[in-house]
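Given next are the chains, with one letter for each unit.
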Amino acid sequence: MTVGEALAATTARLATAGVPTPDVDARWLLQSVVGGPGARVRLDSRRPLHSEAAARLAEYVTRRVRREPLQLILGSVGFRHLDLLVRPEVFVPRPETEVLAGMAIAALPAGGGGVVVEPCTGTGAVACAVASEASPRLVVATDTSAAAVQLAQDNAARAEVAVDVRLGDLLDPVPADLRGEVDVLVSNPPYLAAGELRGLEPEVVNWDPHDALVAGPTGHEISDRLILQAPQWLADGGWLVMEVDPERAAATVARMTAAGLADARMHNDLTGAARIVTARHGA
Ligand SMILES: C[S@@+](CC[C@H](N)C(=O)[O-])C[C@H]1O[C@@H](n2cnc3c(N)ncnc32)[C@H](O)[C@@H]1O
């Protein structure tokens, strides 16, 4: 079988299984078996596909047909300029969160330095991107999942950046001497209500950890707690930068204002959805 024939057969098999982007996924899987995990090689459709690569492709296709996320099969995902490890028990970073990381970077002091805290870090995507693209003095990240903490530590080491990753609820594990010193508090917390999982794609419902998706009965529970804690931790002029469900963005802005934060507003992601909210501490 040639690479071209394998690509056509894989695309057809994924399409029949209802995978949303069969052609894109087939190409990624082929690139990975030909060039190695996460590789972006040019596929020469006339070349033969060796038996070892064909066997690996068959295994990957079986997994994708069962709707295992493509990123978990490949083992890593691109996030801004980083290549992050992903693992089954940790939320897979989404492209829209790259905008959140960019806004956190833009909110840091222009001349470098600054303290960044990221509760709900998951793979560590946002914390690692900020640490690698800006020059903060300190980046602290937290998560209640031990698997996420381990993965975020592994990703920080892989990206060769300093991120202090701690296990625990929101800001509880952050050193107390950072109260009033945080320049950017950035987070993509769980923001769905339990009933909202119904109707989502199998890749989300069956693979993303429940605690990464669902905040509680209303979806606001975790972001509300973070908003209430933010004024005690932010420096004067420091920013809270949060990813939210676009359906909840306006309500989140109102809650930020009610908590005493200034300039609360919504920002669009790359698809035009109001997915980011920001507010400032101080006059
Ligand atoms: C939507 S995921 C976001 C992960 C990552 N920041 C990203 O954008 O890819 C939410 C993360 O919050 C963590 N989490 C849930 N409740 C938490 C809490 N009370 N305190 C800290 N982390 C929490 C979950 O384990 C999960 O890793």
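Everything that follows concerns the structure shown earlier in this document.
So, how was this worked out
- Residues numbered from 1 in each chain as written.
- Predicted model: local features only at pLDDT ≥ 70, side-chain atom pairs only at ≥ 80, totals over all residues.
- Heavy atoms only, no water.
- Core = buried A, V, L, I, M, F, W, Y, C linked by side-chain atoms within 4.5 Å.
- Buried < 20%, exposed > 50% of the residue type's maximum accessible area, 1.4 Å probe, protein only.
- Helix = DSSP H or I, 4+ residues; strand = E, 2+ residues; numbered from the N terminus.
- Contact = heavy atoms within 4.5 Å.
- Near = heavy atom within 4 Å.
- Polar contact = N/O pair within 3.5 Å; in protein donor to acceptor, adjacent residues only side chain to side chain.
- Areas by Shrake-Rupley, 256 points an atom, 1.4 Å probe, with all protein chains shown as cover.
- Nonpolar A, V, L, I, M, F, W, Y, C, P; charged D, E, K, R; others polar.
- Pairing = 2+ DSSP bridges.
- Axes fitted to C-alpha atoms, helices over the stretch in contact; angles between N-to-C directions.
- 1 Å grid on protein atoms, 1.4 Å probe; cavity = no way out; pocket = protein on both sides within 12 Å on 5 of 7 lines; lining within 4 Å.
- Points joined across faces, edges and corners; volume = space filled by probe spheres on them.

## What about the nonpolar core?
Judged by nonpolar contacts, the single largest core of 34 residues is most densely connected at Phe79, Val116, Val126, Val130, Val163, Val184 and Val186. Every element with two or more residues in this core is listed here: strand E1 (76-79), strand E2 (82-85), helix H5 (97-106), helix H6 (125-133), strand E4 (138-143), helix H7 (146-159) and strand E6 (182-187). It is H6 that provides the largest number of residues to this core, a total of seven residues. Excluding residues that lie within four positions of it along the chain, Val186 makes contacts with Leu100, Ala104, Val116, Val117, Glu118, Pro119, Val126 and Val241. Residues Val182, Ile227, Ala249 and Ala264 belong to the second largest nonpolar core, which totals 24 residues.

## Looking at the site of the ligand
Of all residues adjacent to the ligand, which total 19 residues, the nearest are Cys120, Asp143, Asp169, Leu170 and Asn188. Within the backbone of Leu170, one N or O atom sits 2.8 Å away from a nitrogen atom of the ligand. Bound to the protein, the ligand loses 95% of the 600 Å² it would expose on its own. If you list the elements that add at least two residues to the shell around the ligand, you get helix H9 (210-213) and helix H10 (221-233). Within the shell around the ligand, the residues separate by chemical class into seven nonpolar, seven polar and five charged.

## So, the sheet that holds E4
By way of backbone hydrogen bonds, the strands of a sheet pair with one another, either parallel or antiparallel. Strand order across the open sheet formed by seven strands is E5-E4-E3-E6-E9-E11-E10, with mixed pairing between neighbours. Edge strands, defined here as strands with exactly one partner in the open sheet, are strand E5 (164-167) and strand E10 (262-268). Strand-to-strand twist in this sheet, taken as the mean axis angle between neighbours without regard to direction, amounts to 15 degrees. As paired strands, strand E3 (residues 115-119) and E6 are joined by two bridges and run parallel to one another. Paired with Val116 across the bridge in E6 is Val184. Across the sheet, H10 is in contact with E3, E6 and strand E9 (234-243); its angle to E9 comes to roughly 165 degrees.

## A look at empty space enclosed by the protein
The full count for this structure, using the stated rule, is one cavity of 30 Å³ or more. The space that makes up the largest cavity amounts to roughly 50 Å³. In terms of lining residues, the largest cavity is bounded by Pro189, Tyr191, Gly219, His220, Ser223, Glu243, Val244, Asp245, Arg248 and Thr252.

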